[in-house]
Amino acid sequence: MTMTLVLSIALAAAAIGSGLVAGIFFAFSTFIMTSFARIPTEQGIAAMNSINATIVRSPFMLLFVPTVVLCLVIAAVAFFNWRGGISVWMLSGAVLYVFASFLSTIVFNVPMNDALAKVSGSGAEATALWTAYLKDWTWWNHVRTIASLLASIAFVRALMLV
């Protein structure tokens, strides 16, 4: 009974964590980046650089990173205590969040943020980088949004099977 309760709490927390992260990413994909694209390059770069500097010291990190740790624990429980369908849903949610949301952030979005942080102004170089950034960063953000949402759904489904 105790293991079931702990697992239920972990799955609920992972569903909420990945769902909240999906919502934050969704906001960027649906209106924040579009809004930044509508303002002058210099202002868009400044706004995004400000967000990037702020987010790493914000409560978002207390949601984003611990959800990864929780996903790793859930994956280990699923793998070492295989229970058929519930384990498949648990592993699916964990893999989606860890690889397609968290690691894609580190591999794709963060390097683009670092490159953007080195640029200011509105010259040809800044405009070219900003144009590519808007397209590429947003595409990878769509991946993170969908992966986080699907992870949340997988954790809810696993929770329904506990």
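This text goes with the structure placed above it.
Residues numbered from 1 in each chain as written. Predicted model: local features only at pLDDT ≥ 70, side-chain atom pairs only at ≥ 80, totals over all residues. Heavy atoms only, no water.

### Remarks on the overall build of the protein
Broken down by element type, the protein carries five helices and zero strands. Within the protein, buried positions represent 40% of all 162 residues. Sequence separation of at least 24 residues holds for 83% of the intrachain contacts in the protein that already meet a minimum separation of 6. As displayed, the protein offers around 8600 Å² of accessible surface, 74% of which is attributable to carbon and sulfur atoms. Computed over 7 positive and 4 negative side-chain charges, the inter-centroid distance for the protein is 19 Å. (Helix = DSSP H or I, 4+ residues; strand = E, 2+ residues; numbered from the N terminus. Buried < 20%, exposed > 50% of the residue type's maximum accessible area, 1.4 Å probe, protein only. Contact = heavy atoms within 4.5 Å. Areas by Shrake-Rupley, 256 points an atom, 1.4 Å probe, with all protein chains shown as cover. Lys, Arg positive; Asp, Glu negative; His and termini not counted. Charge placed at Lys NZ, Arg CZ, Asp CG, Glu CD.)

### Notes on the packing of helix H2 (residues 41-55) against helix H5 (residues 124-161)
In contact at an axis separation of 10 Å, H2 and H5 are set at 55° when each is read in the N-to-C sense. On the basis of the axis angle, H2 is oblique to H5. Crossing hand, H2 versus H5: left-handed. Only Ala126, Thr127, Trp130, Tyr133 and Trp137 of H5 make contact with H2, whose side of the interface consists of Thr41, Gly44, Ile45, Met48 and Asn52. Per-class residue counts for the contact of H2 with H5 are six nonpolar, four polar and no charged. (Axes fitted to C-alpha atoms, helices over the stretch in contact; angles between N-to-C directions. Parallel < 35°, antiparallel > 145°, perpendicular 65-115°, else oblique. Left-handed = near helix turned anticlockwise from the far one by under 90°. Nonpolar A, V, L, I, M, F, W, Y, C, P; charged D, E, K, R; others polar.)

### Topic: the layout of surface pockets
For the largest pocket, the calculated volume is near 400 Å³. Lining the largest pocket are 24 residues, with Ile55, Val56, Thr105, Val110 and Asn113 positioned closest to its centre. Mapped onto the lining of the largest pocket, the elements with two or more residues apiece are helix H1 (2-38), H2, helix H3 (61-80), helix H4 (85-117) and H5. Ranked by residues supplied to the lining of the largest pocket, first place goes to H4 with eight residues. Partitioned by chemical class, the residues of the lining of the largest pocket number 16 nonpolar, six polar and two charged. (1 Å grid on protein atoms, 1.4 Å probe; cavity = no way out; pocket = protein on both sides within 12 Å on 5 of 7 lines; lining within 4 Å. Points joined across faces, edges and corners; volume = space filled by probe spheres on them.)

### Overview of the side chain of Thr67
Mapped onto the elements, Thr67 comes out in helix H3. When its relative accessible area of 5% is taken as the criterion, Thr67 is described as buried. The residues contacting Thr67, other than those within four sequence positions of it, are Ala14, Gly17, Ser18 and Tyr97.

### Structural notes on the side chain of Thr105
One can find Thr105 in helix H4. On the accessibility criterion, Thr105 (9% relative accessible area) is buried. Excluding its chain neighbours within four sequence positions, the residues that come into contact with Thr105 are Phe25, Phe64, Val110, Pro111 and Arg144.

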